[in-house]
Amino acid sequence: MSLSRILLGIALLSLYCFALDLEQMMIPNIKPSFDCAKAKFDDEFSICGDGFGASYNMLPIIDNFYSSFYKIVSKEIESKDNIILKNISTTMLKNRRKCPSQIHFHDTFNKEAFDKENEENLQKGYDVIDLHNLSSGMASVLGMNCYEYHYLKALRQITEFLYTTPQYKIIFEKIFYPNPKEYYKLIMTKKISSPDSLFDEDADVILDVIDKAAKDNLLESNGALKKHE
């Protein structure tokens, strides 16, 4: 075996060994895709991690993942089609801005079922969830669902746009090579949440996607997709 092949094998093994998962990527001080020094809105402060606890370490990673996906796609498609991407992302940002002031409810959420569950928990001596107290610990965790939901919705819209436009499908396949079909299925398959649960199980799909991409060594340490030539 030649020296060049040995060195190549070592290099590939090193890449595999240093592939991370989402949990390993959640370290302090990860910067999102925008300059936190210029943050003006509450959603931007949340993403920058100002006092929201460990769970919000995920937000810069999610933001970097989505933003890098958006940038790669926008550079590859025709300029006339970029208005589609801009509209998707503008809507996402507009809805994301509401996350700090409202709880996100999934499509199958049933208030009566939730109240019944709350009453049973109260009888068991557990704390109830106050939907009107957005400063509570539970509400801040539920706030994470709101961010996840809007990033995932935009990710799905762009993915569907690429897949339904024949000349652009190859862009998605290059980004998620060598398993684009697995990623398409993972991104587009909707999870169903329990009616009595506040948590939107489907919103967590974006975390599943990022975790898989990290394990497949497709991401930088900050969650951004690696550039493909």
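On a predicted model such as this, the values are computed, not experimentally measured, just so you know. (Residues numbered from 1 in each chain as written. Predicted model: local features only at pLDDT ≥ 70, side-chain atom pairs only at ≥ 80, totals over all residues. Heavy atoms only, no water.)

### Observations regarding the overall build of the chain
So, point 1. Helix and strand content of the chain: ten helices and zero strands.
So, point 2. Counting from the amino terminus, helix and strand elements in the chain follow one another as α-α-α-α-α-α-α-α-α-α.
So, point 3. Restricting the contact set of the chain to residue pairs at least 6 apart, pairs at least 24 apart contribute 75%.
So, point 4. On the chain, roughly 13,300 Å² of surface is accessible, and the fraction owed to carbon and sulfur atoms is 55%. (Helix = DSSP H or I, 4+ residues; strand = E, 2+ residues; numbered from the N terminus. Contact = heavy atoms within 4.5 Å. Areas by Shrake-Rupley, 256 points an atom, 1.4 Å probe, with all protein chains shown as cover.)

### So, the state of the cysteines
So, point 1. Counted by the stated rule, this structure contains two disulfides.
So, point 2. Disulfide pairing is shown between cysteine 36 and cysteine 48; the S-S distance is 2.0 Å. A torsion of -100 degrees about the S-S bond marks the disulfide between cysteine 36 and cysteine 48 as left-handed. Within this pair, whereas cysteine 36 is found in the loop between helix 2 (22–25) and helix 3 (42–47), its partner cysteine 48 is found in the loop between helix 3 and helix 4 (58–76), the two being separated by twelve residues in sequence.
So, point 3. Covalent S-S linkage joins cysteine 99 and cysteine 146, the inter-sulfur distance amounting to 2.1 Å. Residues cysteine 99 and cysteine 146 are joined through a disulfide that is left-handed, its torsion about the S-S bond being -80 degrees. Here the residue cysteine 99 occupies a position in the loop between helix 5 (82–96) and helix 6 (111–123), and cysteine 146 occupies one in helix 7 (residues 137–164), the gap between them amounting to 47 residues. The pair cysteine 99 / cysteine 146 is uniform in exposure class, with both members buried.
So, point 4. Described in terms of the sequence order of its bonded cysteines, the disulfide pattern of the chain is 1-2, 3-4. (Disulfide = S-S within 2.5 Å. Buried < 20%, exposed > 50% of the residue type's maximum accessible area, 1.4 Å probe, protein only.)

### Some details on the layout of surface pockets
So, point 1. There is about 220 Å³ of room inside the second largest pocket.
So, point 2. As for the second largest pocket, its lining consists of 14 residues, and the residues nearest its centre are Ser33, Asp63, Ser67, Ser89 and Leu93.
So, point 3. Elements with a minimum of two residues in the lining of the second largest pocket: helix 4 and helix 5.
So, point 4. Of the residues forming the lining of the second largest pocket, the biggest block, five residues, is contributed by helix 4.
So, point 5. Partitioned by chemical class, the residues of the lining of the second largest pocket number six nonpolar, three polar and five charged. (1 Å grid on protein atoms, 1.4 Å probe; cavity = no way out; pocket = protein on both sides within 12 Å on 5 of 7 lines; lining within 4 Å. Points joined across faces, edges and corners; volume = space filled by probe spheres on them. Nonpolar A, V, L, I, M, F, W, Y, C, P; charged D, E, K, R; others polar.)

### Description of the packing of helix 9 (residues 180–188) against helix 10 (residues 205–215)
So, point 1. Packing of helix 9 against helix 10 leaves a shortest axis separation of 9 Å and a crossing angle of 160 degrees. Judged by the angle between their axes, helix 9 and helix 10 are roughly antiparallel. Packed against helix 9, whose contacting residues are Glu182, Tyr183, Leu186 and Ile187, the element helix 10 presents Val205, Asp208, Val209, Lys212 and Ala213 at the interface.
So, point 2. Of the residues that constitute the contact of helix 9 with helix 10, the class distribution is six nonpolar, no polar and three charged. (Axes fitted to C-alpha atoms, helices over the stretch in contact; angles between N-to-C directions. Parallel < 35°, antiparallel > 145°, perpendicular 65-115°, else oblique.)

### Side note on the packing of helix 4 against helix 10
So, point 1. It is at 11 Å that the axes of helix 4 and helix 10 come closest, and there the two elements cross at 75 degrees. Between helix 4 and helix 10, the angle falls in the class roughly perpendicular. Contact residues: helix 4 offers Met58, Ile61, Ile62 and Phe65, while helix 10 offers Ile206, Leu207, Val209, Ile210 and Ala213.
So, point 2. Residue composition of the contact of helix 4 with helix 10, by class: nine nonpolar, no polar and no charged.

### What about the packing of aromatic side chains?
So, point 1. One pass over the full model with this rule turns up nine aromatic pairs.
So, point 2. For the ring pair tyrosine 66 and tyrosine 70, a centre distance of 6.4 Å and an interplane angle of 35 degrees mean the geometry is tilted. Of the two residues, tyrosine 66 and tyrosine 70 are both situated in helix 4; the distance of four residues between them amounts to about one turn of the helix.
So, point 3. You can call tyrosine 70 buried: its relative accessible area is 17%.
So, point 4. Aromatic side chains phenylalanine 176 and tyrosine 183 sit 4.6 Å apart centroid to centroid with 25 degrees between the ring planes, which places their arrangement in the stacked category. With respect to burial, phenylalanine 176 and tyrosine 183 carry one shared label: buried.
So, point 5. Put simply, the rings of Phe69, Tyr163, Phe172, Phe176, Tyr183 and Tyr184 touch in pairs and so form one group of aromatic residues. (Phe/Tyr/Trp six-rings, centres within 6.5 Å; stacked < 30°, edge-to-face > 60°.)

### Considering the confidence of the model for the chain
So, point 1. For the chain, mean pLDDT is 82; residues scoring 70 or higher make up 79% of the total.
So, point 2. In the predicted structure, residues 1–18 sits below a pLDDT of 50 and forms two contacts with residues beyond four places in sequence or in another chain. (pLDDT = per-residue confidence, 0-100.)

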